[in-house]
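Observations on the model geometry
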Amino acid sequence: VGGACIDARFVVSSEMSDDERRLIDELVSVASTRGDDAREALARRLRAAADALHPGASSSPPQVALGHARTARGRRRNDDDGNDGNDGNDGNENSGFDFAAYPSRHVALHVMYAGWDYRGFASQGAERVGVRTVEEALFRALKRVRLIAPDATWKTCDYTRCGRTDAGVSASGQVVSARLRCRVPRDDDDDDDDLDDVEETGRRVGVEIDYPAVLNRALPRDIRILGWTYVPPAFSARFDCDYRHYKYFFTDWGGLDVRAMNEAASMFVGEHDLRNFCKMDARNVHNYRRRIDSCRVVVNGPDGGFVRVGAMGLGGGGGGGAHEGGGKEGDEEKTGGARSRRNAAGEPPGVAHIEVVGTAFLWHQVRCIASVLFLVGLGREPPGVVRHMLDLARCPRKPQYEMAPEEPLLLWRCGFAKLSFRLSDAARSQLELHVAQCTHGHVVRAGVWAETFAHVRAGGYGGDDD
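Now for a look at the structure at hand.

What counts as what
- Residues numbered from 1 in each chain as written.
- Predicted model: local features only at pLDDT ≥ 70, side-chain atom pairs only at ≥ 80, totals over all residues.
- Heavy atoms only, no water.
- Helix = DSSP H or I, 4+ residues; strand = E, 2+ residues; numbered from the N terminus.
- Buried < 20%, exposed > 50% of the residue type's maximum accessible area, 1.4 Å probe, protein only.
- Contact = heavy atoms within 4.5 Å.
- Areas by Shrake-Rupley, 256 points an atom, 1.4 Å probe, with all protein chains shown as cover.
- Axes fitted to C-alpha atoms, helices over the stretch in contact; angles between N-to-C directions.
- Left-handed = near helix turned anticlockwise from the far one by under 90°.
- Phe/Tyr/Trp six-rings, centres within 6.5 Å; stacked < 30°, edge-to-face > 60°.
- Lys NZ or Arg CZ within 6 Å of the ring centre and 35° of its normal.
- Core = buried A, V, L, I, M, F, W, Y, C linked by side-chain atoms within 4.5 Å.
- Salt bridge = Lys/Arg side-chain N within 4 Å of Asp/Glu carboxyl O.

Quick notes on the overall build of the protein chain
Looking only at helices and strands, one finds nine helices and nine strands in the protein chain. By the burial criterion, 44% of the 466 residues in the protein chain qualify as buried. Put simply, of all contacts in the protein chain between residues at least 6 apart along the chain, 79% involve residues at least 24 apart. When the accessible surface of the protein chain is summed, it comes to about 24300 Å², and 50% of that surface belongs to carbon and sulfur atoms.

Observations concerning the packing of helix 6 (residues 258-266) against helix 7 (residues 365-377)
Look at helix 6 against helix 7: their axes get within 8 Å of each other, and the N-to-C directions meet at 140°. Here the hand of the crossing between helix 6 and helix 7 comes out right-handed. Contacts between helix 6 and helix 7 pair Ala260, Met261, Ala264 and Ala265 from the former with Leu373, Phe374, Val376 and Gly377 from the latter.

Section: the packing of aromatic side chains
Under the defined criterion, the tally for this structure stands at ten aromatic pairs. In this structure an aromatic cluster arises from ring pairing among Phe139, Trp154 and Tyr159. The cationic tip of arginine 132 hangs over the ring face of tyrosine 118; the distance from NZ or CZ to the ring centre is 4.2 Å. One cation-aromatic arrangement involves arginine 161 over tryptophan 154; the distance from NZ or CZ to the ring centre is 4.9 Å.

Comments concerning the nonpolar core
Counting residues in each nonpolar core, the largest one holds 87 residues, and the members touching the most others are Leu109 and Phe277. Take this core: its biggest share by element is eight residues, from helix 7.

Details of the pattern of salt bridges
Working definition: two side chains of opposite charge can pair if their charged atoms are close together. With the rule as written, the count across this model stands at eight salt bridges. The partner of aspartate 293 in a salt bridge is arginine 291, with the nearest N and O atoms 2.8 Å apart. What makes aspartate 293 partly exposed here is its relative accessible area of 23%. Taking the relative accessible area as the measure of exposure, arginine 291 reaches 38% and is therefore partly exposed. Close ionic contact of glutamate 355 with arginine 296 constitutes a salt bridge, the shortest N to O distance being 2.4 Å. Linking glutamate 355 in strand 8 (residues 350-358) with arginine 296 in strand 7 (residues 289-298), this pair joins segments that are 59 residues apart in sequence.

Side note on the environment of histidine 364
Assignment of secondary structure puts histidine 364 in the loop between strand 8 and helix 7. For histidine 364 and threonine 165, which are 199 residues apart along the polypeptide, the C-alpha to C-alpha distance reads 9.2 Å. Leave out the neighbours within four places in its chain, and histidine 364 touches Asp166, Phe277, Cys278, Lys279 and Met403.

Here it is, written out as structure tokens:
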């Protein structure tokens, strides 16, 4: 069903069978879970037309979902071939699926999400029903493709998360773990910390469920699984994490004193009481000491040339950091320079970022750090303001300053020394196409605004205006 412009009167037959009625019920349920308003509207008109033709027929939902039907040979259809996300429903659609008949295994998932339209990563719990979170969407997808039971909870599936990002914050390196349905059960003598492609039993890891390919078909467009790996049963995505690497992006319009910003940023390195650089949570947090391993500002080159960092040369820093080996040969990152290059008339700004690497973070810590560094870059505060605010004897109370907005913040990496995530060629191809489509949409829209900016900054209409 491709749209809502088809008249239901030409679709519903007066000789509709019970199976056809169940198909319409299934369509209504699937459309509702996916949030496709046009498709859902069409499906409901089909349902209304069917009821008009059969006023006495029961409108109860089907007892067995189409995704659980058996094939002509009497075997249950394989749900791990990538079709899972297209025919399952949320809720009790797995009522005919016997999870006890399948093995399970502890798996870590590498998760990416654009958090701008979500109220944070972590589920808000039963007291906040209807609040849209990334975790809630992830659990719905796991149930839809039958990787966990329909009544599974965090405790029953051994679920752990690496971090809790706030509303509007995105991530390209979030890690979660859970006990998921699998094809290759864990043997007692398996060492999940050092798995080879061929296990001792002779079964190849390649026969395992392709978790990214299966889940990405069931997830919203702004959430994707980038990889997976086996983990030991005692693994905790939160407590086994070695470091967390954040990036805070901003447009480099020129005029920022980058040298002063990096001088101030260097003062954060080490273990400090950071209560003046966070939002206080006195009910849940009593220790405000945190260790920062690296803090720096990465901007465009001051020599007038645009520094190509990352895949698109946007200055996003595709590699590098205190715990990374750096980008590809030829990539450069400028962290010094007296002042970031001021853009010529009509030239759109580049994208720069502040990066902070540490073991653990307080509530809104990175956004508060970014805000103070911007004040230093604009010349409103000297670099020494950071040292002053870290000294609680001299600055016992948090000064009043506006916190930086949430949308530019990205949880770039969660570091695990012993984890190596896998991604099949098929899943990689799906991801490349999907990410390219999303990137295209955002870059084209940015191009429209960049053209407008160039026109306005160039002084309006001129003879050489292209």
